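Single-letter residue listing:
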Amino acid sequence: MQDKEVLTSPPNPSPERRGEQVSNNIEGGRDNFMLNSPPNPSPERRGEVFIPEYINLYQRLYRSKEFIDDCYNEPIDLNSIAKEAFFSPYHFLRLFKKVYNKTPHQYLTERRLEKAKELLKNPSSSVTEICFDVGFQSLGSFSTLFAKHVGIPPAEFKKQYERKVFLWVRFP
(Lines give C-alpha, C1' and ligand atoms only; values in the text may rest on other atoms or scores of the structure.)
Protein backbone atom coordinates (compact mmCIF):
# COMPACT_ATOMS: atom_id res chain seq x y z
CA MET A 1 0.00 0.00 0.00
CA GLN A 2 1.65 3.21 -1.15
CA ASP A 3 -0.19 5.52 1.29
CA LYS A 4 1.51 3.99 4.35
CA GLU A 5 5.08 4.99 3.57
CA VAL A 6 7.24 7.12 5.82
CA LEU A 7 8.23 10.55 4.54
CA THR A 8 11.83 9.53 4.00
CA SER A 9 11.11 6.31 2.11
CA PRO A 10 11.39 6.12 -1.68
CA PRO A 11 8.14 6.20 -3.68
CA ASN A 12 8.40 2.55 -4.79
CA PRO A 13 10.54 0.51 -2.43
CA SER A 14 12.23 -2.56 -3.77
CA PRO A 15 10.77 -5.99 -2.92
CA GLU A 16 13.64 -6.52 -0.46
CA ARG A 17 12.56 -3.43 1.54
CA ARG A 18 8.85 -4.26 1.79
CA GLY A 19 7.90 -4.76 5.39
CA GLU A 20 11.32 -3.60 6.58
CA GLN A 21 11.22 -1.65 9.80
CA VAL A 22 12.94 1.71 10.10
CA SER A 23 13.84 2.92 13.54
CA ASN A 24 13.98 6.53 14.63
CA ASN A 25 15.55 7.45 17.92
CA ILE A 26 13.22 9.99 19.51
CA GLU A 27 14.19 11.29 22.93
CA GLY A 28 15.97 8.11 23.92
CA GLY A 29 13.09 5.79 22.96
CA ARG A 30 12.60 3.77 19.82
CA ASP A 31 9.66 4.25 17.44
CA ASN A 32 9.34 1.66 14.70
CA PHE A 33 7.68 2.54 11.42
CA MET A 34 6.60 0.18 8.69
CA LEU A 35 7.55 1.28 5.20
CA ASN A 36 4.76 -0.40 3.30
CA SER A 37 2.25 -2.52 5.13
CA PRO A 38 0.86 -2.90 8.64
CA PRO A 39 1.86 -5.91 10.71
CA ASN A 40 -0.34 -8.97 10.49
CA PRO A 41 -3.06 -8.45 13.07
CA SER A 42 -3.19 -10.83 15.99
CA PRO A 43 -6.55 -12.43 16.80
CA GLU A 44 -7.23 -9.90 19.56
CA ARG A 45 -6.35 -6.92 17.27
CA ARG A 46 -8.44 -7.89 14.24
CA GLY A 47 -11.28 -5.51 15.15
CA GLU A 48 -8.96 -2.49 15.50
CA VAL A 49 -8.20 -0.02 12.74
CA PHE A 50 -4.51 0.21 11.82
CA ILE A 51 -3.17 3.77 12.15
CA PRO A 52 0.33 4.25 10.74
CA GLU A 53 2.87 5.83 13.06
CA TYR A 54 3.68 8.70 10.71
CA ILE A 55 0.15 10.03 11.27
CA ASN A 56 1.16 10.38 14.90
CA LEU A 57 4.14 12.46 13.73
CA TYR A 58 1.85 14.82 11.85
CA GLN A 59 -0.44 15.14 14.86
CA ARG A 60 2.50 16.03 17.07
CA LEU A 61 3.76 18.59 14.55
CA TYR A 62 0.29 20.09 14.26
CA ARG A 63 0.14 20.26 18.05
CA SER A 64 3.39 22.24 18.06
CA LYS A 65 2.01 24.61 15.42
CA GLU A 66 -1.11 25.16 17.55
CA PHE A 67 1.16 25.83 20.53
CA ILE A 68 2.93 28.56 18.54
CA ASP A 69 -0.43 30.03 17.49
CA ASP A 70 -1.66 30.10 21.09
CA CYS A 71 1.54 31.42 22.70
CA TYR A 72 2.95 33.69 19.96
CA ASN A 73 2.95 36.69 22.32
CA GLU A 74 5.11 34.95 24.93
CA PRO A 75 8.88 34.40 24.77
CA ILE A 76 9.03 30.81 23.45
CA ASP A 77 12.05 29.00 22.06
CA LEU A 78 12.77 25.86 20.08
CA ASN A 79 13.17 23.73 23.21
CA SER A 80 9.74 24.62 24.59
CA ILE A 81 8.01 24.04 21.23
CA ALA A 82 9.78 20.69 20.73
CA LYS A 83 8.91 19.68 24.27
CA GLU A 84 5.24 20.38 23.54
CA ALA A 85 5.39 17.94 20.60
CA PHE A 86 7.50 15.35 22.48
CA PHE A 87 10.51 15.57 20.14
CA SER A 88 14.15 16.37 20.67
CA PRO A 89 14.82 19.95 19.47
CA TYR A 90 16.96 18.95 16.50
CA HIS A 91 14.66 16.17 15.30
CA PHE A 92 11.68 18.52 15.69
CA LEU A 93 13.40 21.26 13.69
CA ARG A 94 14.11 18.86 10.81
CA LEU A 95 10.57 17.47 10.73
CA PHE A 96 8.86 20.88 11.06
CA LYS A 97 10.90 22.32 8.23
CA LYS A 98 10.23 19.29 6.03
CA VAL A 99 6.46 19.40 6.58
CA TYR A 100 5.81 23.18 6.66
CA ASN A 101 8.71 24.39 4.46
CA LYS A 102 9.81 26.87 7.13
CA THR A 103 11.49 26.71 10.50
CA PRO A 104 9.48 27.11 13.71
CA HIS A 105 11.15 30.50 14.24
CA GLN A 106 10.10 31.68 10.77
CA TYR A 107 6.54 30.53 11.44
CA LEU A 108 6.51 32.27 14.84
CA THR A 109 7.79 35.51 13.30
CA GLU A 110 5.17 35.38 10.53
CA ARG A 111 2.42 34.74 13.07
CA ARG A 112 3.55 37.69 15.20
CA LEU A 113 3.71 39.98 12.17
CA GLU A 114 0.22 38.93 11.01
CA LYS A 115 -1.16 39.76 14.44
CA ALA A 116 0.74 43.07 14.47
CA LYS A 117 -0.86 44.02 11.13
CA GLU A 118 -4.30 43.38 12.65
CA LEU A 119 -3.49 45.44 15.75
CA LEU A 120 -2.01 48.32 13.74
CA LYS A 121 -5.47 48.88 12.25
CA ASN A 122 -6.67 49.98 15.69
CA PRO A 123 -6.15 53.77 15.91
CA SER A 124 -5.95 53.85 19.73
CA SER A 125 -2.83 51.66 20.06
CA SER A 126 0.76 52.77 19.50
CA VAL A 127 3.43 50.90 17.55
CA THR A 128 5.44 50.36 20.75
CA GLU A 129 2.48 48.79 22.55
CA ILE A 130 1.78 46.51 19.61
CA CYS A 131 5.43 45.49 19.41
CA PHE A 132 5.41 44.18 22.97
CA ASP A 133 1.84 42.81 22.76
CA VAL A 134 2.74 40.44 19.93
CA GLY A 135 5.86 39.11 21.68
CA PHE A 136 8.80 41.08 20.31
CA GLN A 137 11.40 42.16 22.84
CA SER A 138 12.79 45.12 20.89
CA LEU A 139 11.04 47.88 18.97
CA GLY A 140 13.99 48.11 16.57
CA SER A 141 13.91 44.42 15.65
CA PHE A 142 10.12 44.56 15.29
CA SER A 143 10.28 47.58 12.96
CA THR A 144 13.06 46.03 10.88
CA LEU A 145 11.30 42.68 10.50
CA PHE A 146 7.96 44.34 9.77
CA ALA A 147 9.50 46.51 7.05
CA LYS A 148 11.30 43.49 5.59
CA HIS A 149 8.16 41.33 5.40
CA VAL A 150 5.48 43.93 4.64
CA GLY A 151 7.54 46.43 2.65
CA ILE A 152 6.94 49.50 4.83
CA PRO A 153 7.66 50.33 8.50
CA PRO A 154 4.85 49.75 11.01
CA ALA A 155 4.24 53.47 11.62
CA GLU A 156 3.79 54.04 7.87
CA PHE A 157 1.48 51.01 7.64
CA LYS A 158 -0.65 52.47 10.44
CA LYS A 159 -0.81 55.88 8.73
CA GLN A 160 -1.73 54.39 5.38
CA TYR A 161 -4.51 52.32 6.92
CA GLU A 162 -5.90 55.33 8.79
CA ARG A 163 -5.79 57.37 5.59
CA LYS A 164 -7.68 54.65 3.68
CA VAL A 165 -10.33 54.42 6.40
CA PHE A 166 -10.69 58.22 6.50
CA LEU A 167 -11.10 58.41 2.72
CA TRP A 168 -13.57 55.54 2.72
CA VAL A 169 -15.68 57.17 5.46
CA ARG A 170 -15.54 60.58 3.79
CA PHE A 171 -16.16 59.33 0.24
CA PRO A 172 -18.07 56.05 0.42
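### A short note on the nonpolar core
Then step 1. Core analysis: the biggest nonpolar cluster contains 28 residues, and Ile68, Ile76, Phe87, Phe92, Phe142 and Phe146 have the highest contact counts within it.
Then step 2. For this core, the secondary structure elements donating two or more residues are α1 (53–70), α2 (78–84), α3 (89–100), α4 (104–120), α5 (127–133) and α6 (139–150).
Then step 3. Ignoring sequence-local partners within four residues, the contact set of Phe146 consists of Leu113, Ala116, Lys117, Leu120, Gly151, Ile152, Pro153, Pro154 and Phe157.

### Things to note about the packing of α1 against α4
Then step 1. It is the contact of α1 with α4, at a shortest axis distance of 10 Å, that shows an interaxial angle of 35°. In this structure, the crossing between α1 and α4 has a hand that is right-handed. Of the residues in α4, those touching α1 at Lys65, Ile68 and Asp69 are Pro104, Tyr107, Leu108 and Arg111.
Then step 2. Its residues assigned to classes, the contact of α1 with α4 shows four nonpolar, no polar and three charged.

### Concerning unusual backbone geometry
Then step 1. Located in the positive-phi region is Phe86, a residue other than glycine, with phi close to 60°.
Then step 2. Assessed through its relative accessible area of 47%, Phe86 is described here as partly exposed.

### Observations regarding the environment of Arg60
Then step 1. Within the secondary structure layout, Arg60 lies in helix α1.
Then step 2. On the basis of relative accessibility, which here comes to 12%, the residue Arg60 falls in the buried class.
Then step 3. Taking the C-alpha atoms as reference points, Arg60 and Phe96, 36 residues apart in sequence, are found 10.0 Å from one another.
Then step 4. Within polar-contact distance, the side chain of Arg60 engages the backbone oxygen of Ala85 at 3.0 Å.

### Notes on the packing of α1 against α3
Then step 1. α3 packs onto α1 with a crossing angle of 90° between their chain directions and a minimal axis gap of 11 Å. Taken together, α1 and α3 sit at an angle that is classed as roughly perpendicular. Here Leu57, Tyr58, Leu61, Tyr62, Ser64, Lys65 and Ile68 of α1 come into contact with α3, specifically with Phe92, Leu95, Phe96, Val99 and Tyr100.
Then step 2. Considered class by class, the residues forming the contact of α1 with α3 number 10 nonpolar, one polar and one charged.

### Focus: the pattern of salt bridges
Then step 1. Evaluated as defined, the whole model comprises four salt bridges.
Then step 2. Asp69 is the partner of Arg111 in a salt bridge, and the nearest nitrogen-oxygen pair spans 3.4 Å. A residue pair is termed long-range when its members are at least 10 positions apart, and Arg111 in helix α4 and Asp69 in helix α1 qualify at 42 residues.
Then step 3. A salt bridge links Glu110 to Lys102, with the nearest nitrogen and oxygen atoms 2.8 Å apart.

### Digging into the side chain of Ser125
Then step 1. With respect to the helices and strands, the residue Ser125 is situated in the loop between α4 and α5.
Then step 2. Assessed through its relative accessible area of 13%, Ser125 is described here as buried.
Then step 3. Polar contacts involving the side chain of Ser125 include one to the main-chain carbonyl oxygen of Leu119, which spans 3.4 Å.
Then step 4. Setting aside residues up to four positions removed in sequence, Ser125 forms contacts with Leu119, Ile130 and Lys158.

### Things to note about the side chain of Thr103
Then step 1. With respect to the helices and strands, Thr103 occurs in the loop between α3 and α4.
Then step 2. When neighbours within four sequence positions are excluded, Thr103 is seen to be in contact with Leu93, Phe96 and Lys97.

Reading guide: rules and limits
Residues numbered from 1 in each chain as written. Predicted model: local features only at pLDDT ≥ 70, side-chain atom pairs only at ≥ 80, totals over all residues. Heavy atoms only, no water. Core = buried A, V, L, I, M, F, W, Y, C linked by side-chain atoms within 4.5 Å. Buried < 20%, exposed > 50% of the residue type's maximum accessible area, 1.4 Å probe, protein only. Helix = DSSP H or I, 4+ residues; strand = E, 2+ residues; numbered from the N terminus. Contact = heavy atoms within 4.5 Å. Axes fitted to C-alpha atoms, helices over the stretch in contact; angles between N-to-C directions. Left-handed = near helix turned anticlockwise from the far one by under 90°. Nonpolar A, V, L, I, M, F, W, Y, C, P; charged D, E, K, R; others polar. Polar contact = N/O pair within 3.5 Å; in protein donor to acceptor, adjacent residues only side chain to side chain. Parallel < 35°, antiparallel > 145°, perpendicular 65-115°, else oblique. Salt bridge = Lys/Arg side-chain N within 4 Å of Asp/Glu carboxyl O.

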